[in-house]
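Descriptive structure summary
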Amino acid sequence: MRKRLALLAVAALLTLTGCAGAGALGAGGNTLVIAIVANPQMNDAISLSHEFEAVNPGVKLKFVSLPENQARAKITASTATQGGEFDAVMISNYETPQWAANGWLENLQPYIDASAGYDPGDFIPSIRDSLSYQGSMYAVPFYGESSFLAYRKDLFEQAGLTMPEHPTWQQIADFAAKLDNKQAGVAGICLRGKPGWGESLAPFTTVANTFGAQWFDQDWNAKLDTPEFREAANFYVNLVREHGEVGASSAGFSECGTRYGQGQAAMWYDATVMAGTNEDPESSKVVGKSGYVAAPVVKTEASGWLYTWALAIPKVAKNKQDAWKFLQWMTNKEFVQTVGKTYGWNRVPPGCRFSTYRIPEYAEAAKAYAQPTLDGIDAADQRKVMTQPVPYPGIQFVGIPEFQDLGTRVSQELSAAIAGQITVDEAIEQSQEYAQTVGDSYRETK
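Owing to the predicted nature of the structure, the values given are computational and were not obtained by experimental measurement.

Once that is clear, we can look at unusual backbone geometry. The phi torsion at Asp119 lies on the positive side, around 60°, for a residue other than glycine. As for its position among the elements, Asp119 is in the loop between helix 6 (109–113) and helix 7 (125–130). Using a relative accessible area of 31% as the deciding quantity, one classes Asp119 as partly exposed. Notably, Gln134 is not glycine yet its phi reads approximately 50°, a positive angle. Here Gln134 lies in the loop between strand 4 (132–133) and strand 5 (136–137). With a relative accessible area of 69%, Gln134 lands in the exposed category.

Across the 10 residues that make up helix 10 (residues 201–210), a large majority, 10, are buried. All of the buried residues along helix 10 are Leu201, Ala202, Pro203, Phe204, Thr205, Thr206, Val207, Ala208, Asn209 and Thr210. Buried positions along helix 10 lie against helix 9 (169–179), helix 11 (227–243), strand 8 (267–271), helix 18 (382–385) and helix 19 (403–418). Positive backbone phi, approximately 95°, marks Gly212, located one or two places after helix 10.

Attention now goes to the pattern of salt bridges. Two side chains with opposite charge may pair up if their charged atoms get near one another. For the coordinates displayed, the defined rule picks out 22 salt bridges. For Arg72, the salt bridge is made with Glu68, and the minimal N-O distance between the two is 2.8 Å. With Arg72 and Glu68 both in helix 4 (residues 68–80) and 4 residues apart, this pair spans about one turn of that helix. For Glu68, a relative accessible area of 10% translates into the label buried. For Lys320, the salt bridge identified is with Glu106, shortest N-O distance 3.0 Å. You can see Lys320 sitting in helix 14 (residues 320–331) and its partner Glu106 sitting in the loop between helix 5 (95–101) and helix 6, a full 214 residues away along the chain. Judged by relative accessible area, Glu106 falls into the buried class, the value being 11%. Among the ionic contacts, a cluster of salt bridges with common partners joins Asp44, Asp280, Glu282 and Arg347.

The subject of this paragraph is the confidence of the model for the protein chain. Low-pLDDT portions of the prediction should not be read for the details of their coordinates. Of all residues in the protein chain, 93% attain a pLDDT of 70 or more, and the chain-wide mean is 93. Segment residues 1–29 is flagged for pLDDT under 50; beyond a separation of four residues in sequence, or across chains, it makes 41 contacts in the model.

This part covers the nonpolar core. In this structure, Trp215, Phe216, Met267, Phe326 and Phe403 are the most contacted members of the largest nonpolar core, which totals 150 residues. The leading source of residues in this core is helix 11, at 8 residues. Look past the residues within four positions of Phe216 in its chain and what remains in contact with it is Asn221, Ala222, Lys223, Val390, Pro391, Tyr392, Val398, Leu406, Ala435, Val438 and Gly439.

Applying the stated criterion across every chain yields a total of 1 disulfide. Two residues share a disulfide in this structure: Cys190 and Cys256, whose sulfurs sit 2.5 Å from each other. Taking the torsion about the sulfur-sulfur bond, which here is approximately -85°, the covalent link between Cys190 and Cys256 counts as left-handed. Linking Cys190 in the loop between helix 9 and helix 10 with Cys256 in helix 12 (residues 253–261), this pair joins segments that are 66 residues apart in sequence. Under the relative-accessibility criterion, Cys190 is labelled buried at 0%.

Within strand 8, 5 of the 5 residues are buried, leaving the element largely enclosed by the surrounding structure. Relative to strand 8, strand 7 (residues 147–152) runs antiparallel, the two sharing 5 bridges. Paired with Ala150 across the two strands is Trp268, which belongs to strand 8.

This brings us to the packing of aromatic side chains. Counting across every chain of the model gives 34 aromatic pairs. Considering the side-chain rings of Tyr151 and Phe156, the 5.0 Å spacing of their centres and the 70° angle between planes classify their relative orientation as edge-to-face. Like Phe156, Tyr151 is buried. Taking 6.0 Å as the distance between ring centres and 40° as the angle between the ring planes, the aromatic pair formed by Tyr260 and Trp268 counts as tilted. Pair check on accessibility: Tyr260 and Trp268 agree, each one buried. Members of the aromatic cluster, each reached through a chain of ring pairs, are Tyr94, Trp197, Phe204, Trp215, Phe229, Tyr236, Phe397 and Phe403. The positively charged end of Arg72 is found above the aromatic ring belonging to Trp197, 4.3 Å away from the centroid. The ring of Tyr118 carries Arg353 above its face, with NZ or CZ at 5.1 Å from the centroid.

Calculation criteria
Each chain carries its own residue numbering, running from 1 in the direction its sequence is written. The predicted nature of this model means local features are confined to residues of pLDDT at least 70 and side-chain atom pairs, given and counted, to a pLDDT of 80 or more, with totals for whole chains, interfaces and linings taken over all residues. The basis for the side-chain values is all heavy atoms of the structure; hydrogens and waters are excluded. Secondary structure elements follow DSSP: runs of H or I no shorter than four residues count as helices, runs of E no shorter than two count as strands, and numbering proceeds from the N terminus. Between buried and exposed lies partly exposed: a residue is buried under 20% and exposed over 50% of the maximum accessible area for its type, with that area taken using a 1.4 Å probe on protein chains only. Throughout, a residue-residue contact means that at least one pair of heavy atoms, one from each residue, lies within 4.5 Å. Here a salt bridge means any side-chain nitrogen of Lys or Arg lying within 4 Å of a carboxyl oxygen belonging to Asp or Glu. What pLDDT conveys is the predictor's confidence in a given residue, as a value from 0 to 100. In these notes, a set of buried Ala, Val, Leu, Ile, Met, Phe, Trp, Tyr and Cys residues joined through side-chain atoms within 4.5 Å is what counts as a nonpolar core. Cysteine sulfurs are considered disulfide-paired once they come within 2.5 Å of each other. Only when DSSP finds a minimum of two bridges between them are two strands counted as paired. Aromatic rings from Phe, Tyr and Trp, taking only the six-membered ring of Trp, are treated as a pair when their centres fall within 6.5 Å; an angle between ring planes under 30 degrees marks them as stacked, one over 60 as edge-to-face, and anything in between as tilted. Two conditions define a charge sitting above a ring: the NZ of Lys or the CZ of Arg must be within 6 Å of the ring centre, and it must be within 35 degrees of the ring normal.

Okay, here's the thing in structure tokens:
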């Protein structure tokens, strides 16, 4: 039943994305085709790729760089159907253990063990373990993250407000109301509202967790219509509608990053990796003006997520040795040094290697957010961020194949509520139906 539903989800992705068939994006000879997410740190890697080609003269790189939602859909469809058009793909700790179990990914452990100086022991354990299956790594991390809150220290000082190191969501809502300045074009807070299981559902699910909600109970009963989930949904939607950014229903990580960096938001709750962009003078007008504190809570000890963008090799890839050379280049210690020296230390991919945090130049550049990032990753544990046990892995996602479709559907309902097209109650009613269908399929196989 689970495999059937997963294949149905892949078929839906193929229909939605119009994904090309096997070989449509491929290239002959020793050209590696890399499917990658178009986030700032990945764009830096693309711009530096000539350095890889210089030391590997027989290998050329071709990148297929897409926005997050599109990249997820295309990579999933290609890998699941063994399309073979990509030699390496960017995936996360959501996909890696599932796809490894399905036999879709190359086991990277033998390559890692044979690569002198790669030092997998330098990876932060929670990040490394999240990319492993049965003791072997099937993807290697490019950057790792939890979630935290950025806030404008100057605006807080002007308003006579003090941000706690461990704020509650009610405190954040109160701050947002006081700092919201529509005349000046400054929103009280920026929160994702863009549909997508990895877009608005990521921050929202952490909010739901700390309110005491869960997607499914231990018997796979859907729990989206419970008082806890309903309270979290109303809180999130109302906060964004009343004190969030303009056009919130279509704002994701990139859009919030632009708004915050241009001084159009007093606070931003999102991935810890945002800090490098906030402090980059080439892209931000608020360099040095931000403080960073732990993800806000309600009923739990912590609420931050655990996530890593990583690189993997599809099982059907034809040029695995050269693909590993590329993965090794993009995820080793030297790459961090190259980025720092070329673009500035705030643009270094964070949250993966302990050695990154021992680089003096990085420690100085990242002093405002390095420790909050590591603290968030360390606290990202289901036992700390949820009030009740759940039958699925994941914090900001439900670690089952069906969540790509289920989460996206629920996010569309949430986005519609943020846009004022439906009520929160209507969104919850429809979302509960979606979730119950998935839960029923798991109960049937127990």
